[in-house]
Amino acid sequence: MPASGSSSSLELVLTLPSPRELSDTDLSPYDAICLGNTYCRRVEGNFAEDLGLLPDAVATLHAAGKKAYVTSPAAPRGHDMAQVKRLIDAAASAGADALEVHNMGVLRVLREKGIPLPAHMGAFANVYTHLSAKVMRDYGAVRVRPNAEVSLEEMAVIARDAGVEVEVLAHGKIPLGITEKCFLLEGPEGEDPKCPSACREEHWLTAGNPGESRARSGAGAWVLKNVGKGVLSGKDMCVIEHLPRILSEGFRIFRVEGLYESAAYRSEVGAVYREAFALASSGGEYALRPEWGRTLTKHSRNGFCNGYYFGGSGQSYVGTVLQGGNSQV
Amino acid sequence: MAELLASGGTVEMARVVLDNGADAVYVGAKGWSRRRAQYEMDDEEVIASARYAQSLGKILRVAFNTLPSSGEVPLLLAKAERFVGEGIRDFILTDVGAMRALAERFPGVQIHASIGCTIVNAEDARFYKEAGATQVVTECRMDREEMRKIRQEVGVGVEVLVHATTCYTYLGRCTMSSYTRQEWRFDEEGKNHFLGSPNRGGLCYRVCLTEWDQRGEDGSVEAGRVVLPNLAYFLVDDIPGLIDLGVTTIKIQGREYSVPLVGNMVRFYRDLIDSYLRDRSSFRMEAWKERMAGIVSARDAERREKTASLISESGLSAQH
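None of these values were measured; they are calculated from a predicted model.

Asks: What should I look at first to understand unusual backbone geometry in this one?
Replies: Most peptide bonds are trans, and most residues other than glycine sit at a negative phi. Here the bond from C195(A) into P196(A) is cis, since omega is 10°, no more than 30 degrees from zero. Among the structural elements, P196(A) can be located in the loop between β7 (165–178) and β8 (204–207). Even without being a glycine, R206(B) presents a positive backbone phi close to 55°. Along the polypeptide, R206(B) turns up in the loop between α7 (176–180) and β8 (212–215). Overall, R206(B) belongs to the buried group, with 25 C-beta atoms counted inside 10 Å. Of note in the backbone geometry, R225(B) takes a positive phi value of approximately 50° without being a glycine. Among the structural elements, R225(B) can be located in strand β9 (residues 221–226).

As structure tokens, then:
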């Protein structure tokens, strides 16, 4: 069985929060779209919150021959669960192909509803072992995206032994944390005039002196992206150099993180990967095309990383081409 | 009556907290808990501490609450088998697959779903109950109504941390530390200690507590020397309410603190709880707050020193 499960055809998934991104992005490189923002319910036009938007969005994607998934809140409190139940019903009645689930309570509510809407476990579901994936499978999960810390080798074990598909983050910011309060607001959500516009702008956190800290420990400077109720990696996860190996291990489902990125980022990164997958799947010699490197670099403000996949620090980069073998760029 | 659970970072600390009034002590099996190895115990130390607890009619609970590799679960079950053979019946776990495996292998053991499970709603608690948990640690900011639902409607034990840290992120769902620095290090039993990952190996570099700049799209500094909110707390005011609510366990974290400080903390909470239970109607918190001030001050001093050391180890600059 291939590592990604029973399906052997390649699937490139993109995350899109709202109708604005759905219309401004070239979706042609993608096979599936995951609709909605898992970090914050208040994001403008959030498909996971403004449920009236779902039927049209799902129908549009289906008409274009694409799968439509809908995400759910990563850390819903008890008072959020009524909305979660409405979300599940709305996603099912809109004909969504799966619900992305990060929280075990949400998974349980989905199972209790007994509707034929499969679950895809998201990045915050903390899937680290095949045994956990099996428990989630018993609740209706057919796909898991292991936690960012899980290496490619460990993911292959999960895919082999859990009987679920495994999704691999191919490119984009790594989700590193979720917070209860919005860091970009001073007042309460809903009262602060900066909500919901503050997270439409870019905010970066930087710390440490690169030269100094590198000399001391090799860890390099810290750059993160703060999106209000989520912390993302400052660097872009990038596996383009490693596609032949990843495909040879059987992985077939890949995600490009499109949240909090530009339309050009989503459109052009997807196009690069679509071409790269075609070349890597062709069986011929695989080498990065210079134009791919130029496009990815253009959209990468703080360099690339992929360290978790190889058992190291998340921010480090394993590779020889894109950063000249320099893991600290 | 609510159980007072305290930390046993060393054999000495385990003994001191039990002697100072804890009903139960939790210890980390080496490589398997949410602290680095120096605050964990090898098997012989766990067993010796368990015997001491048993001799007092008290409980020792073993933390296996890291998120392991699939291939490491047999190591966990083998270690648990040895402990069960020594009369240990109480465990703390995070990985829901390992939890179910342990519950099936050793029927009747008590399993606490760890703080790393990030249980934020009652349905979460139901899920972990179905996986074998007999008690759940509630997320640090959970409100009383949700705790009540878990206790009464879900029907599992509720464990509340009254002295801990409110991380900037949801604890158990954060990989900021390992993003900054992580190394795979295997011990002689073959367990990877995943150094730098609090979820997997216990060591957190607390990189959130470094001093950083917030920059906008053009790179200009929007706010300088900003600190992400991450506070250590004492929920002393909440204790009477938590007892009235019927919480099962009141937990004090602190394996990385000094033994005298942890001993003082345990004695303080023991006396406070006993005083409240003796006469709820005339209980007054003011005097306890005065006594607590000294403990808070000592705790904060130790924490500051520890945080600076961890951030420095991560390669980042600590706060000035």
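Asks: What is the right way to read the pairing of strand β11 (residues 249–252) of chain B from this model?
Replies: Remark: a regular strand shows side chains that alternate across the two faces of the sheet. Residues and elements named next belong to chain B. Residues T249 and K251 of β11 are buried on one face, and the alternating residues I250 and I252, pointing to the opposite face, are buried as well. Strand direction decides the pairing type here: strand β1 (residues 3–7) and β11, joined by 4 bridges, are parallel. Each bridged residue has a counterpart across the sheet, and for A6 the counterpart in β11 is I252. Of the pairings in the sheet, the one linking strand β7 (residues 157–166) to β11 comprises 4 bridges and is parallel in character.

Asks: Honestly, helix α2 (residues 54–63) of chain A in this entry has me stumped. Any pointers?
Replies: Owing to its 3.6 residues per turn, the α-helix aligns residues three or four sequence positions apart on the same side. Residues and elements named next belong to chain A. All of the buried residues along α2 are L54, A57, V58 and L61. Axial view of α2: buried residues confined to an arc of 95°, hence all on one face. Opposite the buried face of α2, at more than 90 degrees from it, the exposed residues are D56 and A63. Buried residues in α2 make contact with α1 (19–24), β2 (32–35), β3 (67–71) and α3 (81–94). Phi turns positive one or two residues past the end of α2, at G65, with a value near 80°.

Asks: Any chance you could explain the nonpolar core here in plain terms?
Replies: Generally speaking, soluble globular proteins have nonpolar side chains that are buried together. Core analysis: the largest hydrophobic core is formed by 201 residues, its most contacted members being V144(A), V17(B), V25(B), F64(B), Y128(B) and V136(B). Ignoring any residue separated from it by four or fewer positions in sequence, one finds V17(B) in contact with A6(B), S7(B), G8(B), A22(B), V25(B), V262(B), G263(B) and V266(B).

Asks: Any chance you could explain the packing of helix α9 (residues 263–281) of chain A against helix α10 (residues 290–298) of chain A here in plain terms?
Replies: When two helices pack together, their arrangement is captured by the angle between the axes and the distance separating the axes. Residues and elements named next belong to chain A. Relative to each other, α9 and α10 sit at 150°, their axes nearing to 10 Å. The orientation of α9 relative to α10 falls into the category roughly antiparallel. The interaxial crossing formed by α9 with α10 has left-handed handedness. In contact with E268, V269, V272 and A276 of α9, α10 contributes W292, T295 and L296. A class-by-class count of the residues in the contact of α9 with α10 yields 5 nonpolar, 1 polar and 1 charged.

Asks: Looking at this structure, I do not really get helix α4 (residues 96–105) of chain B. What am I missing?
Replies: Taken across its 10 residues, α4(B) has 7 buried, putting it largely inside the fold. In this fold, the buried residues of α4(B) make contact with α5 (130–138) of chain A together with α3 (73–85), β4 (90–93), β5 (110–113) and α5 (122–130) of chain B.

What counts, and at which threshold
Residues numbered from 1 in each chain as written. Chains lettered and ligands numbered in written order. Predicted model: local features only at pLDDT ≥ 70, side-chain atom pairs only at ≥ 80, totals over all residues. Helix = DSSP H or I, 4+ residues; strand = E, 2+ residues; numbered from the N terminus. Buried ≥ 20, exposed ≤ 12 C-beta atoms within 10 Å, placed from the backbone. Pairing = 2+ DSSP bridges. Arc of directions from axis to C-beta. Contact = placed C-beta atoms within 7 Å. Core = buried A, V, L, I, M, F, W, Y, C linked by C-beta atoms within 7 Å. Axes fitted to C-alpha atoms, helices over the stretch in contact; angles between N-to-C directions. Parallel < 35°, antiparallel > 145°, perpendicular 65-115°, else oblique. Left-handed = near helix turned anticlockwise from the far one by under 90°. Nonpolar A, V, L, I, M, F, W, Y, C, P; charged D, E, K, R; others polar.

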